[in-house]
Amino acid sequence: MSAPVLRIRDLTVSFRRGGTTVPAVSGLDLTVPAGGAVGIVGESGSGKSVTSLAVLRLLPSTTQVTGSVEYGGRDLLTLTERQMRRVRGKEIS
């Protein structure tokens, strides 16, 4: 059995608005198997775009993102910005 292409564990995304923290995604777990595909569907405002932007680390720095996003054996949430640019440009695109 091949390792998954993408594994998201307990992804939580929150935005800071003034003195308040507003949750956008809470505890998302998702696995994309090698050779497989996953579709994300939901109502407007349910967190689809925020999830995608969090995986690619394209959200504003004021956003709180926790959990893990494993791609190619690496946790994308722990990479430097330079490493992340390389992943976005050469691997994910």
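Just above, that's the structure.
Quantities reported herein were computed from a predicted structural model and do not represent experimental measurements. (Residues numbered from 1 in each chain as written. Predicted model: local features only at pLDDT ≥ 70, side-chain atom pairs only at ≥ 80, totals over all residues. Heavy atoms only, no water.)

Along the backbone of the protein there are two helices and four strands. In terms of C-alpha radius of gyration, the protein reaches 14 Å, essentially the compact-globule figure of 12 Å for 93 residues. With respect to the principal axes defined by its C-alpha atoms, the protein has extents near 45 × 30 × 20 Å. Put simply, the protein has 93 residues, and 26% of those count as buried. Of all intrachain contacts in the protein linking residues separated by at least 6 positions in sequence, the fraction that spans at least 24 positions is 49%. Split by element, the accessible area of the protein, about 6,100 Å² in all, is 52% carbon and sulfur. Between the centroid of the 12 positive side chains of the protein and the centroid of its 7 negative side chains there is a distance of 9 Å. (Helix = DSSP H or I, 4+ residues; strand = E, 2+ residues; numbered from the N terminus. Rg over C-alpha atoms; globule rule 2.2 N^0.38 Å. Buried < 20%, exposed > 50% of the residue type's maximum accessible area, 1.4 Å probe, protein only. Contact = heavy atoms within 4.5 Å. Areas by Shrake-Rupley, 256 points an atom, 1.4 Å probe, with all protein chains shown as cover. Lys, Arg positive; Asp, Glu negative; His and termini not counted. Charge placed at Lys NZ, Arg CZ, Asp CG, Glu CD.)

Before going further, it helps to spend a moment on the pattern of salt bridges. Two side chains bearing opposite charge may form a pair once their charged atoms approach each other closely. Tallied over the entire structure, the rule returns four salt bridges. Among the ionic pairs, Arg 9 bridges to Glu 70, the shortest N-O distance being 3.3 Å. Of the two residues, Arg 9 is situated in strand β1 (residues 6-17) and Glu 70 in strand β3 (residues 63-71); the sequence distance between them amounts to 61 residues. Glu 91 is the partner of Arg 74 in a salt bridge, and the nearest nitrogen-oxygen pair spans 2.6 Å. Linking Arg 74 in strand β4 (residues 74-75) with Glu 91 in helix α2 (residues 81-92), this pair joins segments that are 17 residues apart in sequence. (Salt bridge = Lys/Arg side-chain N within 4 Å of Asp/Glu carboxyl O.)

The next subject is the pairing of strand β2 (residues 20-32). One ladder, built from nine bridges, connects β1 with β2; its direction is antiparallel. Bridged to Arg 16 within β2 is Thr 21. Hairpin remark: β1 followed by β2, antiparallel, with two residues in the connecting loop; positive phi at Gly 18, about 65 degrees. (Pairing = 2+ DSSP bridges.)

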